[in-house]
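# Breakdown of the fold
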Amino acid sequence: MALLAMAIPIVPGKTEQWVKFTGELKGARRADFIASRKRLGIRERTFLQKTPMGDLVVVTLEGDDPAGAFQKFGAGTDEFTKWFLSNVAAIHGMDLTKPPPGPMPELIVDSQG
């Protein structure tokens, strides 16, 4: 199984909005979130990292093709995906419907490989 990890900055002042967003993913929108990730063939885990330089979200995607799933997700047109993409844009200033501006993250060290 492949793993992709990304560190994504939160726009200053948007951490509370991110907390509400993830609260919905764990609550009212949990079933939609799980169904979305199952369709993509991935497991997603998200961490909040507070730093002196600002808050970051560390996202891990695990599955057969996490990079491909990341790209496919941005093309989704269902209600949940539209809601998710809108929140990511507002909280992170990131448009997931377009390719990232640089290369995908690269695995550098693996204690088991």
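Just above, that's the structure.
Residues numbered from 1 in each chain as written. Predicted model: local features only at pLDDT ≥ 70, side-chain atom pairs only at ≥ 80, totals over all residues. Heavy atoms only, no water.

## Details of the sheet that holds strand S1 (residues 2–9)
- The sheet built from three strands is open, its strands ordered S1-S3-S2 with antiparallel pairing. The open sheet has two free edges, formed respectively by S1 and strand S2 (42–51), since each of these has just one partner strand. For this sheet, the mean angle separating the axes of adjacent strands, direction not counted, is 15 degrees. (Pairing = 2+ DSSP bridges. Helix = DSSP H or I, 4+ residues; strand = E, 2+ residues; numbered from the N terminus. Axes fitted to C-alpha atoms, helices over the stretch in contact; angles between N-to-C directions.)

## Re the side chain of Arg 29
- With respect to the secondary-structure elements, Arg 29 resides in the loop between helix H1 (15–26) and helix H2 (30–40).
- Residue Arg 29 is classed as buried on the basis of its relative accessible area of 17%.
- Not counting chain neighbours up to four residues away, the residues in contact with Arg 29 comprise Glu 24, Glu 79, Phe 80 and Trp 83. (Buried < 20%, exposed > 50% of the residue type's maximum accessible area, 1.4 Å probe, protein only. Contact = heavy atoms within 4.5 Å.)

## Some details on the nonpolar core
- Ranked by size, the top nonpolar core spans 22 residues in total, and within it Phe 21, Leu 25, Phe 84 and Leu 96 carry the most contacts.
- When residues of this core are traced back to their parent elements, those giving at least two are S1, H1, strand S3 (54–63), helix H3 (66–73) and helix H4 (79–92).
- In terms of residue count, the dominant contributor to this core is H4 (six residues).
- With sequence-adjacent residues up to four places away left out, Leu 96 is seen in contact with Phe 70, Phe 73, Gly 74, Phe 84, Leu 85 and Val 88. (Core = buried A, V, L, I, M, F, W, Y, C linked by side-chain atoms within 4.5 Å.)

These results come straight from atomic positions and should not be treated as a statement about function.
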